[in-house]
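# Commentary on secondary and tertiary structure
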Amino acid sequence: MENEKKYRPNVAAIVLSSAYPFECKILLAKRNDMEDIWQFPQGGIDEGEDIKSALFRELKEEIGTDEIEILAEHPEWISYDFPAKVAQKMYPYDGQNQKYFLVRLKNKAIINLNTKNPEFNAYKFASLEDVYDMINHFKKPIYIKVLKYFKERGYI
């Protein structure tokens, strides 16, 4: 019998700058453990943790602020498998099952990557076109799908 794949529940945020809706810039953060990998903040959902609580906690842990407002939520959970190298690090999980949120930073929010366990060493706010250019890793098809969804609904 084939083993069933094990997916880690995960929450991800497409973070818009506080200038939204006047300007649509999306936060990308550069991982400090891999060369030139830019991504959206994301992280695991703890057992028994509510999805939105996980979203706020992960943002606080990764970008140093949870001063956000949720604008929209992608209706589906999106699953993906880890590439072999990542799978070793993420054992016993084969991939992740993600819930995406579109959020806007509040006006007074301050991003601080110097968190307790820093995951990123740089960030920038990019246009939608630049996001597509800067993403060069295995999550690109997922990012395209999620961004397309929010774009079609007039958010970005």
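The structure we're discussing is the one just above.
Everything in this summary refers to the structure shown in the same document. What you are looking at is a predicted structure, and each value in this text was computed from that prediction instead of being measured.

What follows is about the nonpolar core. By size, the foremost hydrophobic cluster in this structure holds 28 residues, and its most contacted members are Ile14, Phe40 and Tyr100. When residues of this core are traced back to their parent elements, those giving at least two are strand 1 (7-16), strand 2 (26-31), strand 5 (68-81), strand 6 (95-105), helix 3 (128-134) and helix 4 (140-152). The element best represented in this core is helix 4, accounting for six residues. If we ignore the near neighbours within four places in the chain, the residues touching Ile14 are Ile26, Phe40, Tyr100, Phe101, Leu102, Val103, Val146, Leu147 and Phe150.

Residue position: Tyr20 is located in the loop between strand 1 and strand 2. Tyr20 sits in the buried class, given a relative accessible area of 12%. Counting along the chain gives 58 residues from Tyr20 to Ile78, while the straight-line C-alpha distance between them is 26 Å. When residues no more than four places from it in sequence are discounted, the contact partners of Tyr20 are Leu71, Arg104 and Tyr155.

Turning next to the pattern of salt bridges. Summed over all chains, the structure comprises 12 salt bridges. Taking the shortest distance from any N to any O, the salt bridge between Lys5 and Asp81 comes out at 2.5 Å. With Lys5 in the segment before strand 1 and Asp81 in strand 5, this pair connects stretches of sequence that are 76 residues apart. The residue Arg57 makes a salt bridge to Glu49 at a minimum N-O spacing of 2.8 Å. Three or more residues are tied together by salt bridges with common partners; here these are Asp46, Glu49, Arg57, Glu58 and Glu61.

Criteria and thresholds
- Residues numbered from 1 in each chain as written.
- Predicted model: local features only at pLDDT ≥ 70, side-chain atom pairs only at ≥ 80, totals over all residues.
- Heavy atoms only, no water.
- Core = buried A, V, L, I, M, F, W, Y, C linked by side-chain atoms within 4.5 Å.
- Buried < 20%, exposed > 50% of the residue type's maximum accessible area, 1.4 Å probe, protein only.
- Helix = DSSP H or I, 4+ residues; strand = E, 2+ residues; numbered from the N terminus.
- Contact = heavy atoms within 4.5 Å.
- Salt bridge = Lys/Arg side-chain N within 4 Å of Asp/Glu carboxyl O.

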